[in-house]
Amino acid sequence: MQNEKLRNVAIIAHVDHGKTTLVDQMLKQGGVYRENQETVERVMDSNDLERERGITILAKNTAIQYGDTKINIVDTPGHADFGGEVERILKMVNGVILLVDAAEGPMPQTRFVLSRALELGHRVIVVVNKIDRPDQRIHEVIDEVLELLLDLDATPEQLDSPMLFCSARQGVASYSPDVPGTDLKPLFDTILSYIPAPEADLDQPFQMLVSAIDYNEFVGRIAIGRVERGVLKQNQEIAVCNYHDPDAPAKKAKAVSMYEFQGLGKQPITEATAGNIIAMSGIGDITIGDTICAPECVEPLPFVKISAPTMEMTFSVNDSPYAGREGKFVTSRQLRDRLFRETLKDVSLRVTEIDGATDAFNVAGRGEMSLSILIETMRREGYEFQVSPPRVLYRTIDGKKCEPIERLVADVPSESVGAVIEKLGSRKGDLIEMTPVGSRMKLEFLIPARGLFGYRNEFLTDTRGEGIMASVFDSYAPYKGDLSRRNTGSLVSFETGESVSYGLFNAQERGALFIGPGVKVYEGMIVGVSPKQEDITVNVCKKKQMTNMRAAGSDEALRLVPPRKLSLEQCLEFLADDELLEVTPESLRMRKTILNHEKRMKATHGGKKK
C-alpha cells in the first residue's frame, strides 16, 4: 500500500548551485507564508555561519502542502566535507531533485551525490538552475548531465529522467529551455507525477531508521527518520538496535514526544504512520544508523556506515603569554566537554584524548572546511584554545601505507592552465582529464589530500581570482612520497610588547607583515611571512632612539605597507609543522610551538646534527 497523500524528496547539488534558494521559493509558493509576511532570504540556513558563508552545513527538513499532498523536502549540504550528511539523508526519501548550474555544469560533488542516489535506485528529477545567468550554456550542460548519468551506470529509466529549467531566484520553472516559466508549478507537478509515494504498510510492527540527529539543550538528542512500516503512538514502548552491532541487546525506551515537519517548524503529533518523516525526542544516546522498532519485533535495518574521517588536528589549551585574557572558557575540562558535545551532533567527527596529555585532544573530521567551522563556532561561543596544522590520516592496506586521494576539478581561464598543472604536478597531482569549456578549461586531477593544504591561495593568485576549484574524497592509494609544505618562512617576533611604527618599518623590508602598529605581540609570535625559506626573527617593538641632533628630514613620517589580514582558513593553510594557531573570541594569533628563540634554535639544530 502506498500513501498517495505524501512525497519525500531531497534536493542535492554541488555547493552554491542554488538548493537553499529553490527551497525558499518552494516554501513561498507552497503557501507556508501569509500574504503579507516578511521573509528572509535562504531561510533554511538558520545558523549565522551558514548565512555569512552562503553555504548549507547541516541538512534541514521542511514540508509544504501542495493541493492535498504533503511534500517533505530535505535541503542537503553541497560541500564535500559534509557529504556524510547527504549519504544518510538519501535513506529517508523516495526521489531526488538534482540541481545543476546552467553555467558551471556538473561538478565533483554533483557526481558524488548523484552516484549515491542512483545506487539506492532513487528516481531523479534534473533541474538546470540559474538559466538567467548571462554566461549560461544550457544545451551543453544537458549533454554533460546525460554523460554523467551514463558514466554512473544509470538504469534506462534513470537516463530518461524528466528535465526542468528553472531560475530559483526568480521562482520560475519550465519544461523547455526556450519557453520562460511563470512559477514553480511545473516542478511541483513533476514531483507528484514522477516521485513515487512512500510504501505504507500499517499492519506490520513499527520500524524506523534514524537518518539524522538534531540536538537541543532542553530535550537532548532528537532522532529524525522515515517510518518504514507500522504505526507509532505517543508514550509507546520501543526498542533501539543497530545493524552493525547485532550482538548488543536492544535498548528499551519510550516514545516521549514526536513531531512532524510543517513549513519551517515542527508540530507535535500523537501518532506517526508509515512513510512519514518524523522527529522523536526522549532517547538519550541514540545515534545515526540506529533502528527504532516495536519491542516484540526487533529487526535492525541495514545502513551505510559513516565514512571515516580523513584528516585531524590537535586542539589544546591555550598556553601563550596572553592566555585567559579574552576567552570565557579556557580550561581543559571546558574544552573537553565542548568537543565531546559536538560529537553528539556531528557523527562524522571523532574526538580522542592523547595518551599522557591532559590538555590536548585529537579531533578528526572530513576536511579542512568542517574543522574550521567547528573552530569558528567555538570561538564565537567564547572558547579560547590552540590548534595544530591539519594532517591527513594514513591507513595500512595490504601491508602498505596508504593516504587519502581527492578528486579535484578546476575550472580555469585558458592562459592559467600551465601554471595550475605545474603547481599541482609538484604536489603529486595526476591530471586525468582536460576539457575545453568555451574560453576556459576544465581540469580533473587525482591528488593526495595533503597536497591541497595551503594551495587555495596560490590557485587564486595563478588564475587571477577567476578560477573555481572543488574536490571530493575519492579513495585511498599508496603513499606518494614526501611533499614540501611551504616554500616561505615566517617573520617571528623577538620580544613581548606592543608593535610600533619604527620597528614595523624596519621589519617590512624582510617580508609581508600581518599586523599594524599598536598590536600586542609576544616572543615567538608570527607577525609576517618571509620570502626566504627560513624563519627570520624581527623586533617590531623597537622604538627609535632619541638623539640631541636635529637634521632635516630625520623625523619624516614612516610609510608602512598595509598589513595582510588573514582569515581563519588562511591561517590554518599558512601554518608550518612547528607552528600553532591561538584562537580566542577576539584574535587569531599564529605562533611557534616553542616560543623562546634560543630553545627553538637548539631544538631545530639539535635535530639536524643527529
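Reading the values: rules and limits
- Residues numbered from 1 in each chain as written.
- Predicted model: local features only at pLDDT ≥ 70, side-chain atom pairs only at ≥ 80, totals over all residues.
- Heavy atoms only, no water.
- Phe/Tyr/Trp six-rings, centres within 6.5 Å; stacked < 30°, edge-to-face > 60°.
- Helix = DSSP H or I, 4+ residues; strand = E, 2+ residues; numbered from the N terminus.
- Buried < 20%, exposed > 50% of the residue type's maximum accessible area, 1.4 Å probe, protein only.
- Lys NZ or Arg CZ within 6 Å of the ring centre and 35° of its normal.
- Pairing = 2+ DSSP bridges.
- Axes fitted to C-alpha atoms, helices over the stretch in contact; angles between N-to-C directions.
- Parallel < 35°, antiparallel > 145°, perpendicular 65-115°, else oblique.
- Left-handed = near helix turned anticlockwise from the far one by under 90°.
- Contact = heavy atoms within 4.5 Å.
- UniProt positions renumbered as here; feature names shortened; annotations may be inferred.
- pLDDT = per-residue confidence, 0-100.

Summed over all chains, the structure comprises 6 aromatic pairs. For the ring pair tyrosine 394 and tyrosine 479, a centre distance of 5.6 Å and an interplane angle of 75° mean the geometry is edge-to-face. Placement of tyrosine 394 in the loop between strand S22 (391-392) and strand S23 (395-397) and of tyrosine 479 in the loop between strand S27 (468-478) and strand S28 (489-493) is noted, with a sequence separation of 85 residues between them. Relative accessible area serves as the criterion here: at 28%, tyrosine 479 is assigned to the partly exposed category. For the pair phenylalanine 514 and phenylalanine 574, a centre-to-centre distance of 5.3 Å together with 85° between the ring planes defines the contact as edge-to-face. Separated by 60 residues along the polypeptide, phenylalanine 514 in the loop between strand S30 (512-513) and strand S31 (520-521) and phenylalanine 574 in helix H13 (residues 568-574) bring together distant segments of the chain. Judged on exposure class, the residue phenylalanine 514 and its partner phenylalanine 574 are both buried. Positioned above the aromatic ring of tyrosine 194, the side-chain terminus of arginine 123 is 4.9 Å from the ring centre. In this structure, lysine 401 is placed above the aromatic ring of tyrosine 394, and the distance from its NZ or CZ to the ring centre is 4.4 Å.

As a further point, take the pairing of strand S9 (residues 220-229). When you tally the buried positions in S9, you get 9 out of 10 residues, the bulk of the element. In this structure, S9 lies alongside strand S16 (residues 277-281), joined through 5 bridges in antiparallel fashion. Of the residues in S16, the one forming a bridge with isoleucine 222 is serine 281.

Between helix H10 (residues 417-426) and helix H11 (residues 455-462), the shortest axis-to-axis distance is 9 Å and the interhelical angle comes to 160°. Compared by their axis directions, H10 and H11 come out roughly antiparallel. Classified by chirality, the crossing of H11 by H10 is right-handed. Contacts between H10 and H11 pair Ala419, Val420, Lys423 and Leu424 from the former with Tyr455, Glu458, Phe459 and Asp462 from the latter.

In this fold, isoleucine 536 is placed in strand S33 (residues 536-538). With 29 residues separating them in the primary sequence, isoleucine 536 and alanine 507 have C-alpha atoms 9.7 Å apart. When sequence neighbours within four positions are dropped, the list of residues in contact with isoleucine 536 reads Ser490, Leu491, Val492, Arg510 and Ser530.

This part takes up the sheet that holds S28. If you trace the 4 strands from one edge of the open sheet to the other, you get S30-S32-S28-S33, paired in mixed fashion. Lying at the two open borders of the sheet, with one neighbouring strand each, are S30 and S33. Across 3 bridges, the pairing between S28 and S33 is parallel. The residue of S33 that forms the bridge with valine 492 is threonine 537.

With that settled, the discussion passes to the UniProt feature "binding site: GTP" (unreviewed entry) in the protein chain. Sequence positions flagged by UniProt for "binding site: GTP" (unreviewed entry) are, in local numbering, Asp16, His17, Gly18, Lys19, Thr20, Thr21, Asn129, Lys130, Ile131 and Asp132. If you trace the backbone, glycine 18 turns up in the loop between strand S1 (6-13) and helix H1 (19-29). The exposure class assigned to glycine 18 is buried, which follows from its relative accessible area of 12%. Beyond its immediate chain neighbours, meaning those up to four positions away, glycine 18 contacts Leu99, Asn129, Lys130 and Ala168. Along the chain, threonine 20 falls in helix H1. Classification of threonine 20 as buried rests on a relative accessible area of 7%.

Moving on, we come to unusual backbone geometry. Despite not being glycine, lysine 130 has its phi angle at roughly 60°, a positive value. Examined against the element boundaries, lysine 130 turns out to sit in the loop between strand S5 (123-129) and helix H5 (138-151). Non-glycine residue aspartate 398 carries a positive phi angle of around 55°. Relative to the helices and strands, aspartate 398 resides in the loop between S23 and strand S24 (400-413). Classification of aspartate 398 by relative accessible area gives exposed; the value is 75%.

Let's shift gears to the confidence of the model for the protein chain. Per-residue pLDDT for the protein chain averages 79, and the proportion of residues at 70 or more is 86%. A low-confidence stretch, residues 32-59 (pLDDT under 50), is modelled with 81 contacts involving residues beyond four sequence positions or located in other chains.

With respect to the element layout, isoleucine 373 can be found in helix H9 (residues 368-380). By relative accessible area, which is 7% here, isoleucine 373 ends up buried. C-alpha of isoleucine 373 to C-alpha of leucine 568: the two residues are 195 residues apart in sequence and 9.3 Å apart in space.

We now examine the packing of helix H8 (residues 332-345) against H9. Between H8 and H9, the least distance of the axes is 12 Å, while the angle of their chain directions is 130°. Classed by the angle they form, the pair H8 and H9 counts as oblique. As H8 runs across H9, the sense of the crossing is right-handed. Touching Leu335, Arg338, Leu339 and Glu342 of H8 are Leu374, Thr377 and Met378, all from H9.

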